[in-house]
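# What the coordinates show
For reference, the chains in residue letters:
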Amino acid sequence: MTSSLIGARVPRKEDYRFLTGSGLYTDDVALPGQTYAAFVRSPHAHAVLRSVKTDKAKKAPGVIAVYTGPDLAAAKVGGLPCGWLITDVKGQPMKEPPFPALAQGKVRHVGERVAVVIAESAAQARDAAELIEVDYQALPAVVSAAQAKKGPALHDIAPDNTCYVWALGDKAAVDGAFAKAAHVTKLEFVNNRLIPNAIEPRSVNASYSRADDSYTVYVASQNPHVERLLMTAFVLGLPENKVRVVAPDVGGGFGSKIYLYAEDVVCTWAARQLARPVKWTADRSEAFLSDAHGRDHVTVAELALDKDGKFLAMRVRTTANLGAYLSTFASCIPTILYATLLAGQYTTPAIYCEVTAVFTNTAPVDAYRGAGRPEATYVVERLVETAAREMKIDAAQLRRKNFIRQFPYQTPVALCYDTGNYEATLDAAMKIADVAGFKDRREQSLRRGKLRGMGYACYIEACGIAPSNVAGSLGARAGLFEAGEIRVHPTGTVTVFTGSHAHGQGHETTFAQVVAERLGLSIEQVEVVHGDTSKILFGMGTYGSRSIAVGGTAIVKALDKIVAKGKKIAAHLLEAAEADIEYDKGVFKVAGTDKKKAFGEVAFAAYVPHNYPLDKLEPGLNENAFYDPTNFTFPAGSYVCEVEVDRETGDTQVVAFTAVDDFGKLINPMIVEGQVHGGLTQGIGQALTEGCAYDETGQLITGSLTDYCIPRASDVPMFKIDTRETPCTHNPLGVKGCGEAGAIGAPAAVMNAITDALGVKDLPMPATAQNVWRAMHRA
Amino acid sequence: MHAFQYHRPTSSKEAATLAGQKSEGRYLAGGQSLVQAMKLRLSSPTDLIDLGTIKDLAGIKASGAAVEIGAMTRHAEVASSPEIKKTIPSLAAMAGMIGDRQVRHMGTIGGSLANSDPAADYPAAVLALNATISTNKRKIAADSFFKGLYETALEPGELITAVSFQAPKRGAYMKFKNPASRFALVGVYVADYGSGNVRVGVTGAGASAFRQTEMEKALGAKFAPDAVANIKVKPDGLNNDLHASPEYRAHLITVMCKRAVEQALK
């Protein structure tokens, strides 16, 4: 094979089934004896459950069972666990209040589950759910992070609604640097709460077999093994070997499908009680109320500079809203995945960040595309741009003055960047964006009654959180490796089993490219299987842009073992010493001769071992590998955004957006571009259109798509994107990951552009027409 | 959605008779608001009386400067009608701005008016174009039709059959969209009938559509954008929600009116 499949724009293998409606999603799974669940959800943000009367519902047509919190408690069903223990500034563990699958005595956010009805049809379950009479004694609620400490206590163990106060960095050094700074830039802002809205709502279909006392759980999840581990070990106390979790085709996740949700637990438990499969699929309204939300920080951030614009120190105080309960990874997002990113691309020598995480009467908050890193990038890049304006230094120049240029680079906030070239991406972005021509474009816009502004964002991202032992020392309660298996069939075709999970990312193509390239096969000869605990040896799943860097590397390690065994077989077949066998893209050769065996011949010999060293070697050609990375990967990039603001209405359009990213080596540039497009659109959405709003009583105002504005195609320009490449130094593919970058870098770039257009220091996200109009009228 | 009885009458008389018998029944026109509310269980009529197959409710009739649009005429038909494009081009353009393609092929003028959503587009047109709303019982002038939030002059069971418009000399509709729903945050329809007779219909801003008489007077004196550009609308009583405060809506009325005049003069 002459042209390499690595780096090729191979059309996605999975698109035929997705584009023709032939995918199989959880809700498509219909099992014999199927039943349907409907949940009764709290209409109050905070209330005591005085009574829950289920008699009428139990007698309603088609109803099989009704369960409430006390039923689960009596059955000793545990609460939902949190996967990361944060230790606070005083060395104490974070407050971990119980998170019951169905409310016990009290509800703490609108949409919390109070009861479940299981019926012969979904409509009957829903009708009966309306017959359940709940007597709520409403309590005062608190919704905003800023107010949480003074609000009514949600949980007895956290009377001031504080889960933890955590800090990272050298406070004394930072305070010292601020004391002698020539200039200090200070910003106070809210990083707006977002509601994920994957196109496929959450869904679960759980069944129990009395024949072998086993469970099968279909669930829209990003990590079926993690779902199984958490559900069996921490909640239901089931033997893991008796539970199969399948995450079939999943229609998007953005983080919201990482977690173990109460509905999954309730349906699985109920399936055992009834010995019938129980299905639940969220409608969009339930998704708004009960999917884990993202972001929601209140931050005061300061940057100290010397007179020439060299960064001396950064000081950040953040209050992070965790919602009513601790979702699976909620605690590590505003800490481990946030404060550690505050060095950005710069040599800031001293950084201190203090995070107060609070409970409020809102839906739980957890990782959402970027997870901590968009919030960190927003802090850094809004500060840097604002400092440049205040000090009248060109914003690009100020960045260059402070770029990290020596690698590896140890930041003052725990991370060690292995490689990067920030100058290269900024140079390319400025050229593609025609920064030099901006002044002319600004004048042209003004003639049309529009204010034009330009903003940069130079982000850093940390992907593939690792290694497991370091994460463990920081509080992780799970490993962060990945597993892969290569099964070579007798005729030389291959099935790849990966613990990564694709829910839109195109792994079936990208991973197949890696394997086909290495084994000298065509892409059609490689099948990628994921998402089923009964097929995959283990997996930590897909989040944090980890799949190619961690899951891909596990596959490469398994491939190495295949090749090593293949060499032994080939040596035997070619009557040569193993040391003399060379392998290149599907061909085993005796070095310096024309003696060779194709990969397929070796595979066949392994399964039909007539001429085979059976005394020394097992037949078969199947290998697996676990890979635990030695470090994060560090994608980075430079974004340039231009906006136009309608002076009369405040309507703001992103008219140009340039993104130059360094993701290391690219396997499939077309898929990478798609990831960048999606990420940028979500990032622009956070900046311009998306903002979750609760009223002061805890009612969700943005409870549907008529009020919560997800960006449309018409809200974004044709993106100008390119890449620069510094291969990751610690994985064999040299890859870094690309799934979240756009959502991480875009909000700061957009807001830097809008503040430039308006000549204001700051305005809140989302910069809706009304918010921009208000900012213009304040200015 | 709760269960309901579905009826398919073939005449408006039969539809009205059914409505008289089913006190918790509802007429089903295009279903673009009602069916959504039913799916969310916010509305649970016992009976749906589908008007879709009643022939005398559909169709467009133009004669001279007048246009009559049957109540069950879909927005897409109004948007693409050669008669309306010729007689009242601004009305065809407005119909083409309603919702999205799917909505425009299902939604009807009668359904939109009977529902009187505060952010619907047609109410602004009906007021600005001084339309007459015909029902199975009477004719109602546009000015006496809208009574408040989702409230109209229609009596229980009363059925809109057609809406008649008089063509203005010139007119235009400008809409500032709610970013999420794409309904009108503020929509302003300006129609100039000559001799100082200018009508301005505003939607999205209040409990129901209303006329902006201060702007009508100013435009009657001089039909030009600068005639209204400096009019400060009072925010009192205007809608207040996440997307726009009364002050912002008041400001948008002026801007959209000015832009509608600019458009009408093109």
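Residues numbered from 1 in each chain as written. Chains lettered and ligands numbered in written order. Predicted model: local features only at pLDDT ≥ 70, side-chain atom pairs only at ≥ 80, totals over all residues.

## Brief notes about the overall build of chain A
Each helix and strand in chain A was counted, giving 19 helices and 28 strands. In terms of overall dimensions, chain A is globule-like: its C-alpha atoms have a radius of gyration of 27 Å, near the 28 Å expected for 779 residues. Along the longest, intermediate and shortest principal axes, the C-alpha atoms of chain A span 85 × 70 × 50 Å. Taking all 779 residues of chain A together, 57% fall into the buried category. The long-range share in chain A, meaning contacts at least 24 apart out of those at least 6 apart in sequence, stands at 80%. (Helix = DSSP H or I, 4+ residues; strand = E, 2+ residues; numbered from the N terminus. Rg over C-alpha atoms; globule rule 2.2 N^0.38 Å. Buried ≥ 20, exposed ≤ 12 C-beta atoms within 10 Å, placed from the backbone. Contact = placed C-beta atoms within 7 Å.)

## What about the overall build of chain B?
Tallying secondary structure elements over chain B gives 11 helices and 14 strands in all. For chain B, whose C-alpha radius of gyration is 18 Å, the value lies close to the compact-globule estimate of 18 Å for 266 residues. For the C-alpha atoms alone, the extent of chain B along its principal axes is close to 55 × 45 × 30 Å. Here the analysis covers contacts within chain B between residues at least 6 apart in sequence; of these, 60% occur between residues at least 24 apart.

## Observations regarding the sheet that holds strand β25 (residues 622-627) of chain A
All names here are of chain A. Ordered by their spatial adjacency, 4 strands build an open sheet running β21-β20-β19-β25, and the pairing between neighbours is mixed. Because the sheet does not close on itself, it has two edges, and the strands there are β21 (526-530) and β25. Averaged over all adjacent pairs, the angle separating strand axes in this sheet is 15°, with direction ignored. In this structure, strand β19 (residues 482-488) lies alongside β25, joined through 6 bridges in antiparallel fashion. Each bridged residue has a counterpart across the sheet, and for R487 the counterpart in β25 is N622. Of the strands in this sheet, β19, β20 (494-498) and β21 are in contact with helix α14 (residues 507-519), which crosses β21 at around 135°. (Pairing = 2+ DSSP bridges. Axes fitted to C-alpha atoms, helices over the stretch in contact; angles between N-to-C directions.)

## A short note on helix α7 (residues 262-274) of chain A
Residues and elements named next belong to chain A. The end-to-end C-alpha distance of α7 is 18 Å, a good match for the 18 Å that 13 residues give at a rise of 1.5 Å each. Across the 13 residues of α7, 10 count as buried, placing the element largely inside the fold. Of all the residues in α7, the buried ones are A262, E263, D264, V265, V266, C267, T268, W269, A270 and A271. Among the residues trailing α7, A275 stands out with phi positive, at a value near 50°. (Expected span 1.5 Å × (residues − 1).)

## Some thoughts on the pairing of strand β26 (residues 636-646) of chain A
Residues and elements named next belong to chain A. Of all 11 residues in β26, 10 are buried, a share of seventy percent or more. Taken together, the 10 bridges between β26 and strand β27 (residues 652-662) define a ladder with antiparallel strand orientation. What sits directly across from V645, in β27, is T652. The hairpin turn running from β26 into β27, its antiparallel successor, is 5 residues long, and G650 in that turn takes a positive phi close to 85°.

## Observations regarding the sheet that holds strand β11 (residues 170-177) of chain B
All names here are of chain B. The strand order β11-β12-β13-β14 describes an open sheet built from 4 strands, whose pairing is antiparallel. The open sheet is flanked by β11 and β14 (210-211), the only strands paired with a single partner. Where strand β12 (residues 184-192) and strand β13 (residues 198-203) come together, 6 bridges link them in antiparallel fashion. Within β13, the position partnered with Y189 by the bridge is G201. Contacts between helix α9 (residues 213-221) and the sheet are confined to β12, β13 and β14, with β13 contributing the most and set at about 150° to the helix. Relative to the sheet, helix α11 (residues 246-264) contacts β11, β12 and β13, its axis offset from that of β12 by approximately 40°.

## A word on the interface of chain B and chain A
By a widespread convention, an interface's size corresponds to the accessible area lost as its parts come together. In this assembly, 12 residues from chain B lie in contact with 15 residues from chain A. In terms of residue count, α11 of chain B provides more of the side of chain B that touches chain A than any other element does, 3 residues in total. Grouping the constituent residues of the side of chain B that touches chain A by class yields 9 nonpolar, 3 polar and no charged. (Nonpolar A, V, L, I, M, F, W, Y, C, P; charged D, E, K, R; others polar.)

## Side note on the nonpolar core
If you look at the biggest cluster of nonpolar residues, it comprises 332 residues, and the most contacted ones within it are A37, V117, L342, V515 and V750 of chain A together with V188 and V190 of chain B. Ranked by the residues each element gives to this core, the list is headed by helix α18 (residues 741-758) of chain A, at 12 residues. Once you skip the residues sitting within four places of it in the chain, L342 of chain A turns out to touch M314, V316, I351, C353, A376, V379, V380 and V413 of chain A. (Core = buried A, V, L, I, M, F, W, Y, C linked by C-beta atoms within 7 Å.)

## Remarks on the confidence of the model for chain B
Parts of the model with low pLDDT should not have their predicted coordinates read in detail. Within chain B, residue pLDDT values average 96, and 100% of them lie at 70 or more. Reported confidences for the modelled complex are a pTM of 0.97 and an ipTM of 0.95. (pLDDT = per-residue confidence, 0-100.)

## As for unusual backbone geometry
All names here are of chain A. Look at the link from F407 to P408: it is a cis peptide, with omega at -5°. Cis geometry marks the peptide bond from A466 to P467, where omega comes out at -15°. Along the chain, P467 turns up in the loop between β18 (450-460) and α13 (468-473). Look at F254: it is not a glycine, yet its phi comes out positive at around 55°. Relative to the helices and strands, F254 resides in the loop between β11 (243-246) and α7.

## Focus: the packing of α14 of chain A against helix α15 (residues 547-573) of chain A
Residue and element names in this part refer to chain A. Viewed as axis vectors pointing N to C, α14 and α15 meet at an angle of 30°, and their least axial separation amounts to 11 Å. You can see that α14 and α15 cross each other, and the crossing is right-handed. Contacts from H507, T510, F511, V514, V515 and R518 of α14 reach α15 at S547, I548, G552, I555, V556 and L559. Of the residues belonging to the contact of α14 with α15, the class tally is 7 nonpolar, 4 polar and 1 charged. (Left-handed = near helix turned anticlockwise from the far one by under 90°.)

## Overview of helix α10 (residues 395-402) of chain A
All names here are of chain A. All of the buried residues along α10 are A395, L398, R399 and N402. For α10, the angular spread of buried residues about the axis comes to 100°, placing them on one side. Its buried side turned inward, α10 meets β14 (311-321), α9 (373-391), α11 (422-432) and β18. (Arc of directions from axis to C-beta.)

## So, the environment of R126 of chain A
Residue and element names in this part refer to chain A. Assignment of secondary structure puts R126 in helix α4 (residues 122-129). C-beta crowding within 10 Å serves as the criterion here: with 19 such atoms nearby, R126 is assigned to the partly exposed category. C-alpha separation for the pair R126 and A181, spaced 55 residues apart in sequence, amounts to 63 Å.

## Some words on the packing of helix α6 (residues 224-236) of chain A against α7 of chain A
All names here are of chain A. Put simply, α6 and α7 touch, their axes get as near as 11 Å, and they point 70° apart. With respect to each other, α6 and α7 are oriented roughly perpendicular. Judged by the sense of rotation from one axis to the other, the crossing of α6 with α7 is right-handed. Within the contact between the two elements, α6 uses E227, M231, V235 and L236 and α7 uses D264, V265, T268 and W269. Looking at the contact of α6 with α7 residue by residue, the class counts come to 5 nonpolar, 1 polar and 2 charged. (Parallel < 35°, antiparallel > 145°, perpendicular 65-115°, else oblique.)

## As for the environment of L666 of chain A
Residues and elements named next belong to chain A. Within the secondary structure, L666 sits in the loop between β27 and α17 (669-688). Look at L666 and you get buried, because 24 C-beta atoms sit within 10 Å. Considering only alpha carbons, one finds L666 and R9, 657 residues apart in sequence, at a separation of 10.0 Å. When near neighbours in sequence (up to four residues on either side) are disregarded, L666 contacts G7, V672 and T723.

## Structural notes on the environment of G110 of chain B
All names here are of chain B. In this structure, G110 sits in helix α7 (residues 109-115). Residue classification places G110 among the buried positions, given that 28 C-beta atoms sit within 10 Å. G110 sits 12 residues away from Y122 along the chain, and the two C-alpha atoms are 9.4 Å apart. Ignoring sequence-local partners within four residues, the contact set of G110 consists of A29, A71, M72 and I160.

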